[in-house]
Amino acid sequence: MTGIPTVELGDGLATSAQGLGGMALTDVYGAADPDRSVATINHAIDIGVTFLDTANVYGQGANEELFARVLRHRRAEVVLATKFGILPTPDDGGFRARGDAAYVHESIDASLTRLGTDSVDLYYYHRVDSRVPIEETVGALAELVTAGKVRHIGLSEVTALELERAHAVHPIAAVQSEWSLWSRDIEEYVIPTAARLGIGFVAYSPLGRGFLTGGVTDAAALGEKDARRNFPRFSDENFAANVAAVEVVRQVADVEGLAPAQVALAWVYASGRRLGVPVVPIPGTRKAHRVDENAAAVTATLSDASLARLDGIYAGIEGERASDPLYISRGREQREHAHERRASGTEGPR
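Below is a summary of the structure that appears in this document. For clarity, every value in this text was computed on a predicted model and none was experimentally measured.

### Side note on empty space enclosed by the protein
Turning to step 1, where the next piece is worked out: With the rule as written, the count across this model stands at two cavities of 30 Å³ or more.
Turning to step 2, where the next piece is worked out: By volume, the largest cavity is sized at about 40 Å³.
Turning to step 3, where the next piece is worked out: Lining the largest cavity, in full, are E178, W182, R209, F231, R233, F234, E320 and R321.
Turning to step 4, where the next piece is worked out: Its residues placed into classes, the lining of the largest cavity shows three nonpolar, no polar and five charged.
Turning to step 5, where the next piece is worked out: In this structure, the second largest cavity spans a volume of roughly 30 Å³.
Turning to step 6, where the next piece is worked out: Mapped onto the lining of the second largest cavity, the elements with two or more residues apiece are β3 (19–21) and α9 (288–295).
Turning to step 7, where the next piece is worked out: Looking at the lining of the second largest cavity residue by residue, the class counts come to four nonpolar, three polar and no charged.

This is the structure in structure tokens:
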């Protein structure tokens, strides 16, 4: 497949209608072969998937260095996105957010060095640091735009209120958040706000980290270093309950003559049209033939009956999409609206 159409997100940023998420190309889900990963990236570009998404925290810089092996020959062919704002905490094996202005400037210079380029097309604030006003962070990002190091600004896992505040400082091109058949919390506030402000949406993990494709059949079989072990939906108890969702996807795939991954991606595209927001999913894979399979979903359509069946999946999903809800937009959104209810006197009894 070639000739993948272009989608305009926000702030004039045009990308291929599907991107390639880079996290899985390094050792996040177990050991990865760097040469095979490079071949997969090159294949994606060859068929027209030219929106490449990485981050400084993926492999602690190794993912950006992997992409650099491709960019040194093909930088002009791609729309390059990377992220900053997540730091590992070695003492407990976790992560924390950082968004102060000094760190914004430090991070871009380190990423540009690893990527081997002088600018990125889209630079995301990966997670919101509650200690720093988002206006400070976006103000520093605006300085990077002025300096020519960044073309467009993105935000990841922000609430609707945070998005409003950020967009008032500088135009935001894209919001990136998890959006899939089993992750739809952002449809209540974030996506309507993005649509109203003319901001595009980049859907990460649109295949549920492989779960929705049926490719993960046993949570206990995940490798010891597989990051999915840290997500509540992959726990033994929740995994067993969530398998019902995979069966629905399989049944729809049989009816529509598509692969399960294509069904899941076609649902994301249909949902973007329904909610009035331009959407670019960024499924990740280490295999070139999966890039082809995923890319075919750009032109796939689902019947109204199939969409209705798929829409019903979310209500039966067990487990949060993150171990700490405050780490993603959902938890902070709930907290913001609880504060609003208390302030207005409309909060019900506890």
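Anyway, onward from the coordinates.
### Considering the sheet that holds strand β9 (residues 150–156)
Hydrogen bonds between backbone atoms are what pair the strands of a sheet, whose relative direction is either parallel or antiparallel.
Turning to step 1, where the next piece is worked out: Strand order across the open sheet formed by eight strands is β3-β4-β5-β8-β9-β10-β11-β12, with parallel pairing between neighbours. Taken across any chain shown, the strands that pair with only one partner, and hence form the sheet edges, are β3 and β12 (279–281). Strand-to-strand, the axes of this sheet are offset by a mean angle of 25°, without reference to chain direction.
Turning to step 2, where the next piece is worked out: Note: strand β10 (residues 174–178) against strand β11 (residues 200–204), five bridges, orientation parallel. Bridging across to β11, S177 finds its partner in A203.

### Examining the packing of aromatic side chains
Turning to step 1, where the next piece is worked out: Tallying each qualifying case throughout the model produces nine aromatic pairs.
Turning to step 2, where the next piece is worked out: Centroid distance F84 to Y125: 5.4 Å. Interplanar angle 15°. Geometry classified as stacked. Of the two residues, F84 sits in strand β5 (residues 79–84) while Y125 sits in strand β8 (residues 120–125), which places them 41 residues apart along the sequence. Assigned by exposure class, F84 and Y125 land together as buried.
Turning to step 3, where the next piece is worked out: Seen from their ring centres, F211 and F239 are 5.2 Å apart, and the 85° between their planes marks the pair as edge-to-face. Of this pair, F211 sits in the loop between β11 and α7 (236–256) while F239 is found in helix α7, placing the two residues 28 residues apart along the sequence. Of the two residues examined, F211 and F239, each falls in the buried class.

### Observations concerning the environment of W267
Turning to step 1, where the next piece is worked out: Within the element layout of this structure, W267 appears in helix α8 (residues 260–275).
Turning to step 2, where the next piece is worked out: Apart from the residues within four sequence positions on either side, W267 is in contact with W179, S180, L181, R184, E187, L302, L307, L310 and D311.

### Here we look at the packing of α7 against helix α10 (residues 304–311)
Turning to step 1, where the next piece is worked out: Put simply, α7 and α10 touch, their axes get as near as 10 Å, and they point 170° apart. For the element pair α7 / α10, the angle class is roughly antiparallel. Where α7 abuts α10, its residues V248, V249, Q251, V252 and E256 lie against S306, R309 and L310.

### So, the side chain of E178
Turning to step 1, where the next piece is worked out: Relative to the elements of secondary structure, E178 occurs in strand β10.
Turning to step 2, where the next piece is worked out: Judged by its relative accessible area of 2%, E178 falls in the buried class.
Turning to step 3, where the next piece is worked out: A polar contact of 3.0 Å, which involves the side chain of E178, links it to the side chain of S183.
Turning to step 4, where the next piece is worked out: In this structure the side chain of E178 is engaged in a polar contact, spanning 3.4 Å, whose partner is the side chain of R209.

Parameters and conventions
- Residues numbered from 1 in each chain as written.
- Predicted model: local features only at pLDDT ≥ 70, side-chain atom pairs only at ≥ 80, totals over all residues.
- Heavy atoms only, no water.
- 1 Å grid on protein atoms, 1.4 Å probe; cavity = no way out; pocket = protein on both sides within 12 Å on 5 of 7 lines; lining within 4 Å.
- Points joined across faces, edges and corners; volume = space filled by probe spheres on them.
- Nonpolar A, V, L, I, M, F, W, Y, C, P; charged D, E, K, R; others polar.
- Helix = DSSP H or I, 4+ residues; strand = E, 2+ residues; numbered from the N terminus.
- Pairing = 2+ DSSP bridges.
- Axes fitted to C-alpha atoms, helices over the stretch in contact; angles between N-to-C directions.
- Phe/Tyr/Trp six-rings, centres within 6.5 Å; stacked < 30°, edge-to-face > 60°.
- Buried < 20%, exposed > 50% of the residue type's maximum accessible area, 1.4 Å probe, protein only.
- Contact = heavy atoms within 4.5 Å.
- Parallel < 35°, antiparallel > 145°, perpendicular 65-115°, else oblique.
- Polar contact = N/O pair within 3.5 Å; in protein donor to acceptor, adjacent residues only side chain to side chain.

Scope: geometric values only; no functional claims are made or implied.
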